[in-house]
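As a plain string of letters, each chain reads:
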Amino acid sequence: MAMLDEAKKQLDAAFKYAAIDPESWERLQYPQRTIQCSIPMRHDDGTLRIYKAFRCQYDTTLGPGKGGIRYHPAVDRDHCEALAFWMTFKCAAMKIPFGGAKGGICVDAKTLSHREMERLSKAYIDAFADVIGPDIDIPAPDMYTDERVMGWMYSEYRKIKGGHPKDCITGKPTALGGIEGRNSSTGYGGFFVLETLLNDYIEKCGVTLRDRSIALQGFGKVGTWFADMARQKGYKVVAISNEYGGAYNKKGLDLDDVIKAQAMTGGREWGSGSLITNEELLGLDVDILVPAAIENVITSLNVNNIKAKVVFELANGPTTNEADAVLNEKGVFVVPDILANAGGVVVSYFEWVQNRNGVQKTLEEVNEDLNRVMATATHKAMERYFEHGVPLRTATYALALRRIAGANECLGNKGYFRG
Ligand code: NAD
């Protein structure tokens, strides 16, 4: 089934709890627009290749589109629409004034040289400059794109449009108008959600944790910072993996050792700890399992191996709907992606505001404000969790859906126009 259709099923479950007008519901069934371009890029060896590139603006009721740009061989129209769909509800759940968007290029970024990455990133902006912008749709990093890529994109956009429109892209290097703390924001923001849940709610939800041990899949921009904060706060990260495999130590991995080994070997070695596969990591007997890599890693094929008491979705869409239902039945507490990984877009919002008003936040202010926004959203979602007696995913969608529908309905609905 198409990824977007799967994603929309998560919304279906929330419909009856959000008390929304059917017209608002109907609007949210379709992406507002998806643009596809073919991008020619000359490689270092002289070969010209054409890459498929996309930008989807799923819904812009609450403000300009907001969402990352992903470089990955699996990127296609459906992929971008599903990711833009999740962004729509993520921004609404966080109560930030953005709609949902996402873009990407179908490419294996690991095969490109730095010069090729630069050319491709600038070519993306050449193709999409007229459909993005500070008040239209504001891109940011995602898988296999980072602050350097955002810097190239910003400089290309500036060249085309003129002036210094720093608010056209977030996740830029600080020297080009980026904000302190953007790199760590998704990982840290996730951690703030986790702490709020564990400290205030988890026992009331009937879940008893043993030692707050964590198994983490994905050690990129998001996973690394999450692990960093978890370590600072005394949690035990016992296993970490990436696309090549992973490492495990029941007593807790030495993170400095792991980071050093990863940096020296392009992600292929782990320093200490015994080697494990991704499937083994997912089935570890830990308190908290954190998928922080790609979609659809917890599926009907492996869900019965999951022993964790909490699944904390730092990746977008890591759990299929079928597997989600099984986890709920088993009493596993699932923290949905649109809440768990929203820290990045929250700090992107701070960056956009900073670029517009010229007032710069310090790192301490960013992290303090991030903590406040994440905790508030978590409390609001938990209010609905208890009120409706539904899984946290449905509760968070109901919260977000109500906010988007509220903006639509204040412009009038069928009843109003029929007099
Ligand atoms: P990244 O490219 O920096 O890191 C991705 C990590 O996943 C790497 O460690 C990679 O080796 C690993 N990985 C890739 N394929 C894998 C596989 N098949 N099995 C196991 N590991 C695999 O990306 P990121 O920015 O850290 O994003 C990770 C996830 O978080 C994505 O789902 C992304 O959409 C989501 N996310 C990112 C942000 C952000 O601010 N970067 C914000 C919200 C959500």
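Here the structure is shown first, and the text comes after it.
As the structure is a computational prediction, the values presented were derived from the model and not from experiment.

A. Representation of the packing of aromatic side chains within the structure. The final tally for this structure, using the stated rule, is 19 aromatic pairs. Ring centres of Phe89 and Tyr397 lie 5.5 Å apart, and the angle between their planes is 55°; this geometry places the pair in the tilted category. Of this pair, Phe89 sits in helix α4 (residues 77-94) while Tyr397 sits in helix α15 (residues 392-409), and the two are 308 residues apart along the sequence. As far as burial versus exposure is concerned, Phe89 and Tyr397 are alike and both buried.

B. Region of interest: the site of the ligand. Taken together, 22 residues surround the ligand, and among them Arg70, Thr186, Lys221, Glu243 and Asn316 come closest. Arg70 places a polar side-chain atom, nitrogen or oxygen, 2.7 Å from an oxygen atom of the ligand. With respect to the ligand, the side chain of Glu243 contributes an N or O atom lying 2.8 Å from an oxygen atom. Computed on the free molecule, the ligand has an accessible area of 820 Å², of which 88% lies beneath the protein chains in the complex. Looking at the shell around the ligand, the elements with two or more residues in it are α7 (182-200) and α8 (221-232). Class assignment of the residues belonging to the shell around the ligand gives a composition of nine nonpolar, eight polar and five charged.

C. Focus on the environment of Asp135. Looking at the element boundaries, Asp135 is found in the loop between α5 (114-128) and β5 (137-141). Residues Asp135 and Gly63, spaced 72 residues apart in sequence, show a C-alpha to C-alpha distance of 7.8 Å. Those residues in contact with Asp135, other than ones at most four positions away along the chain, are Pro64, Trp352 and Arg356. Side-chain polar atoms of Asp135 contact the side chain of Arg356, separated by 2.8 Å.

D. Quick look at the sheet that holds strand β8 (residues 245-248). Taken in spatial order, the seven strands of this open sheet run β9-β8-β7-β6-β10-β11-β12, and their pairing is mixed. Since the sheet does not close on itself, it has two edges, and those belong to β9 (274-276) and β12 (333-335), each with one partner. For this sheet the average axis-to-axis angle between neighbouring strands, irrespective of direction, equals 20°. In this sheet, strand β11 (residues 310-312) lies alongside strand β10 (residues 288-291) in parallel orientation, the contact comprising two bridges. Among the inter-strand pairings, Ile288 is bridged to a residue of β11, identified as Val310.

Procedures and definitions
Residues numbered from 1 in each chain as written. Predicted model: local features only at pLDDT ≥ 70, side-chain atom pairs only at ≥ 80, totals over all residues. Heavy atoms only, no water. Phe/Tyr/Trp six-rings, centres within 6.5 Å; stacked < 30°, edge-to-face > 60°. Helix = DSSP H or I, 4+ residues; strand = E, 2+ residues; numbered from the N terminus. Buried < 20%, exposed > 50% of the residue type's maximum accessible area, 1.4 Å probe, protein only. Near = heavy atom within 4 Å. Polar contact = N/O pair within 3.5 Å; in protein donor to acceptor, adjacent residues only side chain to side chain. Areas by Shrake-Rupley, 256 points an atom, 1.4 Å probe, with all protein chains shown as cover. Nonpolar A, V, L, I, M, F, W, Y, C, P; charged D, E, K, R; others polar. Contact = heavy atoms within 4.5 Å. Pairing = 2+ DSSP bridges. Axes fitted to C-alpha atoms, helices over the stretch in contact; angles between N-to-C directions.

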